[in-house]
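Here is what each chain is made of, one letter per residue.
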Amino acid sequence: MLKHAMTETYSLNMDLTKPAIHKPLEGDWVKSPADGVLRIHLEREAKESGHTTSFVRFEPGSHFPPHQHPQGEEIYVLDGVFSDENGNYPAGTYIRNPQGTSHKPFTKEGCTLFVKLEQFQNDDRKQVVLRPEDQHWQQGIGNLKVLSLHAHGTESTALVSWPAKEVFQNHTHWGGEEIVVIKGAFIDEYGEYPAGSWIRSPHLSKHFPRVEEETLILVKVGHLNTD
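Draft legend 1. Local environment of the pattern of salt bridges. Scanning all chains against the criterion turns up 11 salt bridges. One salt bridge in this structure joins Glu-43 and Arg-200, with 2.7 Å as the shortest N-O distance. Remark: Arg-200 occurs in strand β19 (residues 198-201) and Glu-43 occurs in strand β3 (residues 37-44); sequence separation between them is 157 residues. Arg-200 gets classed as buried once you look at its relative accessible area, which sits at 0%. For Arg-96, the salt bridge is made with Asp-124, and the minimal N-O distance between the two is 2.8 Å. Taken together, the positions of Arg-96 in strand β8 (residues 94-97) and Asp-124 in the loop between β10 (111-117) and β11 (128-130) put the pair 28 residues apart, joining distant regions of the chain. By relative accessible area, which is 1% here, Arg-96 ends up buried. By relative accessible area, which is 2% here, Asp-124 ends up buried.

Okay, structure coming up:
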């Protein structure tokens, strides 16, 4: 569930020293300023600007007005095909649009995205588009498979594929950890998180994760150190 309700200033889950969790069916899809574009707010600094993390759903044939990215935009396409004037991005595509970029997004068939806005480090100016056919998986710890998507300074983002019954080591999150469960169900000593869940664990938090079924997660680490 969303741990902090939005106030009149639209602040939501902006104390990055505290954990935050969203599970599917526990939040409502909220209309955006664009017809046919809906959002589930996860982190929100202001009404339509600033630090924002959301699930975003584009209905078939919908579009969003042209806009710039003052502090960057990070997107993972969860399903469907997302498009802009630069190309088409099928499910499984990872996109980073750095400061100073702009685009006019749309979809023909519909899509669902995980989006983080205005959270780039000031010197992180690399534009990234990784479609599924361009991605190369590597062996991780134990039986995990890891696909590195981006790294800059202490921050890194990856896809991690877990085989059924896999148990990972107990570990500490230096700089925090943020997870989106794409497929299956992620489990730790605090709960079970089915596909569609979002989990934010603060700097120096700990857990002992495992899965029962084949599971795919998107993981970002090292970006929540507020010291």
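What follows continues from the structure just given.
Draft legend 2. Inspection of the packing of aromatic side chains at higher detail. Counting across every chain of the model gives 6 aromatic pairs. With 6.4 Å between their ring centres and 35° between their planes, Phe-186 and Tyr-193 make a pair best called tilted. Pair check on accessibility: Phe-186 and Tyr-193 agree, each one buried. Here the aromatic residues Trp-162, Phe-168, Phe-186 and Tyr-193 are joined through ring pairs into a cluster of three or more. A cation sits over an aromatic face here: Arg-96 above Phe-120, 4.0 Å from the ring centre.

Draft legend 3. Representation of the nonpolar core within the structure. By size, the foremost hydrophobic cluster in this structure holds 16 residues, and its most contacted members are Phe-55, Phe-114, Leu-149, Leu-159, Trp-198 and Leu-218. Those elements that provide at least two residues to this core are β3, β11, β13 (145-152) and β21 (215-221).

Draft legend 4. Quick look at the side chain of Thr-112. Tracing the sequence through the fold places Thr-112 in strand β10. With a relative accessible area of 10%, Thr-112 lands in the buried category. Apart from residues lying up to four places away in sequence, Thr-112 is in contact with Trp-29, Val-56, Arg-57, Tyr-76, Val-77, Leu-78 and Asp-79.

Thresholds, definitions, all that
In this convention, every chain numbers its residues from 1, walking through the sequence in written order. For this predicted model, a pLDDT threshold of at least 70 governs which residues receive local features, and a threshold of 80 or more governs which side-chain atom pairs are given and counted, while totals over whole chains, interfaces and linings are taken from all residues. Just so you know, side-chain values use all the structure's heavy atoms and leave hydrogens and water out. Any carboxyl oxygen of Asp or Glu that lies within 4 Å of a side-chain nitrogen of Lys or Arg is treated as forming a salt bridge with it. A helix here means a DSSP run of H or I that spans at least four residues, while a strand means a run of E at least two residues long, and both kinds are numbered starting from the N terminus. When a residue's accessible area, from a 1.4 Å probe over protein chains only, is under 20% of the maximum for its type it is buried; when over 50% it is exposed; and in between it is partly exposed. Working definition: a ring pair exists when centres of Phe, Tyr or Trp rings (six-membered ring for Trp) sit within 6.5 Å. Plane angles under 30 degrees give stacked, over 60 give edge-to-face, the rest tilted. Here, a charge over a ring is recorded when the distance from Lys NZ or Arg CZ to the ring centre is within 6 Å and its angle to the ring normal is within 35 degrees. As used here, the term nonpolar core means buried Ala, Val, Leu, Ile, Met, Phe, Trp, Tyr and Cys residues forming a set that is joined through side-chain atoms within 4.5 Å. We call two residues contacting when some pair of their heavy atoms lies within 4.5 Å.

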